[in-house]
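# Chain and residue survey
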Amino acid sequence: MASHLLLITAVLWAAGAVLGITGATAIGRLTLALGAAAGVAAAIAGLPNASAVVTFPGSLMAEAVPFRIEPQGLWLMGFGLVPAGFACALASPVPSGRRGWLFGAGLSLLGALGVFGLRNGAALLIAWEAMSLGGAVMILSDNLGRGRGRTILFMLALLELGAVALVLAIALLGWQSSSLLFSTFGTGATPAPQSLMIGIGILLLVGFGAKLGLLPFYEWFPGAYGSGSGASGAIMSGVVLNAAFFALSRALTDWLPGAGVDGFPVLATLTVIVGTFSAILTIFYAFQQDDWRCLLSFSSAENASIAVVALGASMLFHHYGLGDLAGLAWTVALLHLAGHALAKGALFVAADGLYKANGTYHIAYGGAGSHWLFGIGALLAAMSLAAMPPTAGFVSEWLVFQTVFQGFHLPYLGGRLVLALTGAGLALTAAVAFATFVKVVGLGVLSRDAARPAPIGRRYSISAGVLGLAVLALAVGMPLWLGSLDGATVSRFGSAAATQMHDGALLVPLTAKFAFISPSLLIIVMPLLALLPIILILGTKRRAIRRTPVWYGGLTPDASRASTTTLTFSNAMRTFYSFVYRPTADTERDADAGGYFVRKLSFEHDVAPIFGPLLFQPAIRLVRGVSARLRPLQSGQLNFYLGLIGLLLVLVLGLTLF
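The following refers to the structure shown. (Residues numbered from 1 in each chain as written. Predicted model: local features only at pLDDT ≥ 70, side-chain atom pairs only at ≥ 80, totals over all residues. Heavy atoms only, no water.)

### Describing the pattern of salt bridges
- Inspection of every chain in the model, using the stated rule, returns four salt bridges.
- Across the pair R492 and E70 runs a salt bridge whose closest N-O atoms are separated by 3.4 Å. Of this pair, R492 sits in helix α19 (residues 486-493) while E70 is found in the loop between β2 (66-67) and α3 (71-90), placing the two residues 422 residues apart along the sequence. Comparing R492 with E70, the two get one shared label, buried.
- Two residues, D254 and R492, come together in a salt bridge whose shortest N-O distance is 2.8 Å. Here the residue D254 occupies a position in helix α10 (residues 230-255), and R492 occupies one in helix α19, the gap between them amounting to 238 residues.
- On the basis of relative accessible area, D254 is assigned to the partly exposed category, the value being 31%.
- By sharing partners, the salt bridges in this structure join E70, R119, D254 and R492 into a single network. (Salt bridge = Lys/Arg side-chain N within 4 Å of Asp/Glu carboxyl O. Helix = DSSP H or I, 4+ residues; strand = E, 2+ residues; numbered from the N terminus. Buried < 20%, exposed > 50% of the residue type's maximum accessible area, 1.4 Å probe, protein only.)

### Here we look at a negative patch on the surface
- On the surface, D586, E588, E604 and D606 cluster together into a patch of negative charge.
- When residues of the negative patch are traced back to their parent elements, those giving at least two are β5 (583-591) and β6 (598-607).
- Residue position: D606 is located in strand β6.
- In this structure D606 comes out as partly exposed when scored by relative accessible area, which is 44%. (Patch = residues over 30% accessible without salt bridge, like charges linked within 9 Å, V, L, I, M, F, W, Y side chains within 5 Å. Areas by Shrake-Rupley, 256 points an atom, 1.4 Å probe, with all protein chains shown as cover. Lys, Arg positive; Asp, Glu negative; His and termini not counted. Charge placed at Lys NZ, Arg CZ, Asp CG, Glu CD.)

### Regarding helix α1 (residues 2-22)
- Taking 1.5 Å per residue as the helical rise, α1 with its 21 residues ought to reach 30 Å, and the 30 Å between its terminal C-alpha atoms agrees with that figure.
- Taken together, the buried positions of α1 are A2, L5, L6, T9, W13, G16, A17 and G20. Seen end-on, α1 carries its buried residues on one side only, within an arc spanning 115°. Away from its buried face by more than 90 degrees, α1 exposes H4, L7, V18 and T22.
- Each element contacted by the buried residues of α1 is listed here: α2 (25-46), β2, α3 and α4 (98-117).
- Where α1 ends, the next residue or the one after it, G23, has phi of about 110°, a positive value. (Expected span 1.5 Å × (residues − 1). Arc of directions from axis to C-beta. Contact = heavy atoms within 4.5 Å.)

### Focus: helix α14 (residues 372-385)
- Look at α14: 20 Å from first C-alpha to last across 14 residues, which is about the 20 Å you get at 1.5 Å a residue.
- Along α14, ten of the 14 residues are buried, which leaves the element largely enclosed by surrounding structure.
- Looking only at α14, the buried set comprises L373, F374, G377, A378, L380, A381, A382, M383, S384 and L385.
- Residues of α14 that are buried in the fold lie against α12 (292-319), α13 (323-358), α15 (392-404), α16 (413-444) and α17 (458-476).
- Just beyond α14, the residue with positive phi is A387, at close to 60°.

### Concerning the layout of surface pockets
- By volume, the largest pocket amounts to about 1800 Å³.
- Those elements that provide at least two residues to the lining of the largest pocket are α6 (148-177), α9 (221-225), α12, α24 (566-576), β6 and α26 (611-630).
- A class-by-class count of the residues in the lining of the largest pocket yields 25 nonpolar, 14 polar and ten charged. (1 Å grid on protein atoms, 1.4 Å probe; cavity = no way out; pocket = protein on both sides within 12 Å on 5 of 7 lines; lining within 4 Å. Points joined across faces, edges and corners; volume = space filled by probe spheres on them. Nonpolar A, V, L, I, M, F, W, Y, C, P; charged D, E, K, R; others polar.)

### Re a nonpolar patch on the surface
- On the surface, a nonpolar cluster with roughly 910 Å² of combined accessible area is contributed by L521, I523, I524, V525, L528, L529, L531, I534, I535 and L538.
- For the nonpolar patch, the secondary structure elements donating two or more residues are α21 (519-529) and α22 (531-539).
- Tallying contributions element by element places α21 first for the nonpolar patch, with six residues.
- Overall, L528 belongs to the exposed group, its relative accessible area being 54%.

### Concerning empty space enclosed by the protein
- Applying the stated criterion across every chain, the model contains three cavities of 30 Å³ or more.
- By volume, the largest cavity amounts to about 90 Å³.
- Lining the largest cavity we find 13 residues, and of these L159, K211, W220, M236 and V240 sit closest to its centre.
- Those elements giving two or more residues to the lining of the largest cavity turn out to be α5 (121-142), α6, α9 and α10.
- Here the residues of the lining of the largest cavity sort into nine nonpolar, three polar and one charged.

### So, the side chain of D291
- In this structure, D291 sits in the loop between α11 (266-287) and α12.
- Among the residues examined, D291 registers a relative accessible area of 14% and is labelled buried.
- Apart from the residues lying within four places of it in its own chain, the contact partners of D291 are Y361 and I363.

### Some details on the nonpolar core
- Ranked by size, the top nonpolar core spans 189 residues in total, and within it L204, W220, I235 and F245 carry the most contacts.
- In terms of residue count, α13 provides more of this core than any other element does, 20 residues in total.
- If sequence neighbours within four positions are ignored, W220 has contacts with F154, M155, L158, L159, A210, K211, Y225 and M236. (Core = buried A, V, L, I, M, F, W, Y, C linked by side-chain atoms within 4.5 Å.)

### A short note on the packing of aromatic side chains
- Counted according to the given criterion, the structure contains 25 aromatic pairs.
- A centroid spacing of 5.6 Å and a plane angle of 70° characterise the contact between W330 and F493, whose relative ring orientation is edge-to-face. Residue W330 is found in helix α13, and its partner F493 is found in helix α19; the two are separated by 163 residues along the sequence. Here W330 matches F493 in class, with each residue buried.
- Among the aromatic residues, those joined into a cluster by ring pairs are Y218, F284, Y285, F298, F576, Y577, F579, Y581 and F611.
- Lying over the aromatic face of F287, K439 brings its terminal NZ or CZ to 5.6 Å of the ring centre. (Phe/Tyr/Trp six-rings, centres within 6.5 Å; stacked < 30°, edge-to-face > 60°. Lys NZ or Arg CZ within 6 Å of the ring centre and 35° of its normal.)

### Here's the deal with unusual backbone geometry
- With an omega dihedral of 5°, the bond running from L47 to P48 counts as a cis peptide bond.
- Note on placement: P48 falls in the loop between α2 and β1 (54-55).
- Geometrically, the link from P389 to P390 is a cis peptide bond, its omega value of 0° lying close to zero.
- Among the secondary structure elements, P390 is positioned in the loop between α14 and α15.

### Side note on the environment of A357
- Looking at the secondary structure, you find A357 in helix α13.
- The class for A357 is partly exposed, based on a relative accessible area of 22%.
- For the pair A357 and L506, spaced 149 residues apart in sequence, the C-alpha separation works out to 42 Å.

### Brief notes about the packing of α21 against α22
- Taken N-terminus to C-terminus, the directions of α21 and α22 make an angle of 20°; their axes are 4 Å apart at the nearest point. In terms of orientation, α21 and α22 fall into the roughly parallel class. From α21, P527, L528 and L529 reach across to α22, where they touch L531, L532 and P533. (Axes fitted to C-alpha atoms, helices over the stretch in contact; angles between N-to-C directions. Parallel < 35°, antiparallel > 145°, perpendicular 65-115°, else oblique.)

Spelled out as structure tokens, the structure:
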């Protein structure tokens, strides 16, 4: 059943891409959305088992091309496709670019499907490139950024760097196992030297991490996402991000068993450290953004990094034979990305709604007069990304902390210290994430501007509301949904960890004696607790509420000048952590000839990237220097080209003789 639905999904996406590029945009949007719905149905029908193995006709590099999606792949794909379906139905908010956008969305979704299911190294690389190219086409078609061409080239350059790392890693694994089939990679890598396995693991971490936003690759996120629409962001932060994590998880756990030196799990430790630092840096930069898309893009990299931390912890526990804890950490990563896909999709849809209403993605104008579902959906999604109860993000991040707290079970001090410091880093990440989404809700949803009171469109309000309520439903029904991952944890770790993660309505880290929570009960208790402030509010009706203007230095307050802005909200942290942000501020004055009367005052502020000046800018200067030296090769002189061809023929002849 699942295999047939997956075939329908692929056909619908291919048809939607073709319909979009030919101009039938209305039918193309519907076709892509129906394909996403078919993909969700395939995930539901397939879980808790994998889909059936399907072998494509023909061969690739003289080897078969099998297709099968494992249970964890179905889980991640299903949750990623829910916001993708809404994004495809709404499409780009720029009508002039919808033809290209629909083609790019279809190509990206087909590539993600291939990453989830293809089990041949060469085929995986093709699907990976299709997924990247589709994302670039979507953003270029949105046409929402002045320098979108440059940001897309930067994105593709970093993604191609990751693709080169993947080609090298898969080539080395294929050389070790004498095959490009994934089923041979694990057994082929076992007799390989540990140093080679660690090197391959680093290549895989670089390759897949380029799309997940691990350091230093997260620096392409704000430029690329900020040049596209929320619909593009919902697809890239949902199903595409989940596909990249699935590929990384499969590669590190299946292909490279126990990569380490002298019994110490080097690769697992490196994965935890990279994930932790990536999470800290990305949420720090997210807090400083004043554009919905840029802020949410950094948040996507942060949540992907948290999932990578859980994956690294799973590898640590598995290395020391702690199967139950390994299954716990691995399952927590899947839960975290499921909730993230729904919440991020809701906020990206909300961002598009605000753009349609106000003409800007700036975090300043709320949705006055909008449908009540808009506020509920945006609030629940932001609460989840801020890890507030009783949402899915609260559940998964609580479980992440409970997982790293289990580090005392590790037999060596090094592993225990790594997880202890990781817990401290994640605590800092959670605190900044909370402040970040207070800013999003307070300034981006609840703010009011009398000059721009346009309400959010009903389509966007309902879409954001449904996705936000889905975040809550995932958390409340978590004891039921965990059963879908039983087959995956048993087959991978020999442990029914998913079953042990709930005790009735309680969610527990394998045992209720260590800790427990229950979103299923919180959803009942929290409204009851809300009765207390409601009673207090009702009691105050006997007395008139006194309203006075905000103190503004003794002057009559100007609402536009006295309001809290995104810079005001985040400037304190920018100042405190200036050694990280290295903030910049530029002021330009346009005055008359005498300089007495200022006609225009421009103020720009920003934070400096860390890796750009140290890593990317030197590489750009090197490429430009080499290209300048090779520029004479493009002189256009026929004699020069004939001379080069003659020299090449002499070299070929010399090689054949010697």
